[in-house]
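Read off the chains here:
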Amino acid sequence: CAAFPAPRKQAASPARLFAPQNERQPVMEELLERLLAECLPYTAQGRLADYIPELAKADPSMLGVYVIGNDGKESWAGDCRQPFTIQSVIKPILLLQALLDNGVEAVQRRVGVDAINPRDQSPYSGHINPMANMGAIVICSLIHGGSYAERFQRLLELTRLLAGDERIGIDEDVYHSEKSHGSKNRALAYLLKSYGLLDDDVEEVLDCYFRACSIRVDCRALAHIGAVLSNRGRLPNSSRQIFPAELARYVNAILTTCGMYDGSGEFAIRVGVPAKSGVGGGIMAVVPTRMGIGIYGPALDRKGNSVAGIQLLERLSRALYLSIF
Ligand code: GLN
């Protein structure tokens with residue numbers, strides 16, 4: 001695909017909005033290459049997401065990692081330029097957009113912050129978390145815009161800005177697959193509607209959610225998003241503030257407690273940094289004040305997280321003392 005050139009070890013293309021310094025980081029790259037080789041066998045332990053046919057077409061043996069420091073320096077290894085869909089890693093960006101548009105108080109009137117098993121979430125318990133599907137669907141309805149097309153466009157622009165790549169768009173095949181196999185999300189959305197938590201037309205809100213999940217990224221994009229969150233809302237190696245530091249703290253806290261589905265507690269112990277995973281195989285990790293990390297490994301564990309990706313993050317965390325705990 002023209003928008004995503006093949007893996008390479010050279011300066012990023014000048015088409016990039018925020019061209020990195022891209023000074024080579026030999027020690028870091030050596031470490032990433034070694035950890036990647038150690039973790040590759042774990043890809044065989046996972047399974048591809050298959051709730052929609054499109055995701056089951058991925059190559060389960062892939063593994064990639066990309067690191068962007070707050071100083072703008074970049075390092076990578078493996079299948080880091082392979083495009084994949086962002087899926088649930090869009091949830092923190094949806095939350096950011098809603099917080100920017102409405103403020104914390106208004107958002108919290110609809111979605112909470114407490115960790116809860118996504119399967120136990122329900123409109124009647126009052127526990128709707130923005131890192132679970134129900135919460136993210138509600139969040140789509142909170143984004144400002146004259147139409148849902150405009151709301152999605154605003155979300156896409158924010159994603160491009162955070163990811164440092166203006167060429168990011170959606171994967172049409174995954175989008176259509178999400179939309180035509182979306183019974184579970186439809187059920188959740190109609191339940192929200194019946195409890196008065198969704199004011200707008202359910203299909204319009206869902207269309208925005210399906211498009212959001214289908215945004216196509218690569219490891220660098222996820223690392224860049226993580227770097228902005230780690231840099232308290234500022235672009236790496238820049239003075240440009242994208243969102244207030246207070247919101248970075250808010251989102252990072254939710255990622256720490258709820259970012260890795262039911263595996264969030266174990267991830268906190270093994271890796272110890274705010275992170276969000278998606279069923280497309282991506283993990284976006286935030287090392288506050290230090291770096292953002294993007295992972296791609298579509299073979300998932302039983303909790304829906306990249307098996308080899310978590311192994312890699314665990315080893316990286318140990319090697320560089322990344323845990324915040
Ligand atoms: N598109 C997926 C869904 O809505 C996103 C969820 C995920 O990545 N866990 O089911």
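Structure shown above.
Every chain is numbered on its own, with residues counted from 1 as its sequence reads. Only residues with pLDDT of at least 70 get local features here, since the model is predicted, and only at 80 or more are side-chain atom pairs given and counted; chain-wide, interface and lining totals rely on the full set of residues. Think of the side-chain values as coming from all heavy atoms in the structure, minus any hydrogens and water.

A.B. asks: Can you lay out the side chain of S317 for me, pointing to particular residues and giving the numbers?
C.D. replies: Position of S317 relative to the elements: it lies in helix α12 (residues 307-320). S317 gets classed as buried once you look at its relative accessible area, which sits at 6%. With near-sequence residues (within four places) excluded, S317 lies in contact with V271, L322 and S323. The secondary structure listing takes helices from DSSP runs of H or I that are at least 4 residues long and strands from runs of E that are at least 2 residues long, numbered from the N terminus. In this scheme, a residue with accessible area under 20% of its type's maximum is buried, one over 50% is exposed, and one in between is partly exposed, where area comes from a 1.4 Å probe on protein chains only. Residues are treated as being in contact if the distance between any of their heavy atoms lies within 4.5 Å.

A.B. asks: Give a detailed account of the site of the ligand, specifying residues and quantitative values.
C.D. replies: Nearness of a residue to a molecule or strand requires only that one of the residue's heavy atoms be within 4 Å of it. With respect to spatial proximity, the complete set of residues near the ligand consists of Y51, Q87, S88, K91, N133, E178, N185, Y209, C213, Y261, G278 and V279. Distance and chemistry together define a polar contact, namely a pair of N or O atoms within 3.5 Å, with one atom able to donate a hydrogen and the other to accept it when in protein, and with adjacent residues in sequence counting only for side-chain atoms on both sides. A distance of 2.6 Å is found between a nitrogen atom of the ligand and a side-chain nitrogen or oxygen belonging to Q87. N133 has a polar side-chain atom sitting 3.1 Å from an oxygen atom of the ligand. Asp, Glu, Lys and Arg are counted as charged, while Ala, Val, Leu, Ile, Met, Phe, Trp, Tyr, Cys and Pro are counted as nonpolar; the rest, among them Gly, fall into the polar class. Among the residues forming the shell around the ligand, the class breakdown is 5 nonpolar, 5 polar and 2 charged.

A.B. asks: Go over the packing of helix α2 (residues 91-102) against helix α5 (residues 148-163) with me, naming the residues and quoting the values.
C.D. replies: In contact at an axis separation of 10 Å, α2 and α5 are set at 115° when each is read in the N-to-C sense. With respect to each other, α2 and α5 are oriented roughly perpendicular. When you trace α2 past α5, the crossing you get is right-handed. Together, I93, L94, L96, Q97, L100 and D101 of α2 and R154, L155, L158, T159 and L162 of α5 make up the contact between the two elements. Looking at side-chain class alone, the contact of α2 with α5 contains 7 nonpolar, 2 polar and 2 charged residues. Axis definition: a line fit to C-alpha positions, over the contact stretch in the case of helices; interaxial angles, taken between N-to-C directions, run 0 to 180 degrees. Roughly parallel means an angle under 35 degrees; roughly antiparallel, over 145; roughly perpendicular, 65 to 115; everything else is oblique. Helix crossings fall into two classes, left-handed where the near helix is turned counterclockwise from the far one by less than a right angle and right-handed where it is turned clockwise.

A.B. asks: Hey, could you go over the packing of aromatic side chains for me, with residue numbers and the actual values?
C.D. replies: Planes of paired rings set the category: under 30 degrees apart is stacked, over 60 is edge-to-face and the rest tilted, where pairs are Phe, Tyr or Trp rings (Trp by its six-membered ring) whose centres lie within 6.5 Å. Applying the stated rule across the entire model yields 3 aromatic pairs. On the basis of an interplanar angle of 15° and a centroid distance of 4.3 Å, the ring pair of F84 and Y296 is categorised as stacked. Placement of F84 in strand β3 (residues 84-85) and of Y296 in strand β7 (residues 291-296) is noted, with a sequence separation of 212 residues between them. The two residues F84 and Y296 agree in class, both being buried. Residues Y209 and F210 carry aromatic rings whose centres are separated by 6.1 Å and whose planes lie at 55° to one another, so their mutual orientation is tilted.

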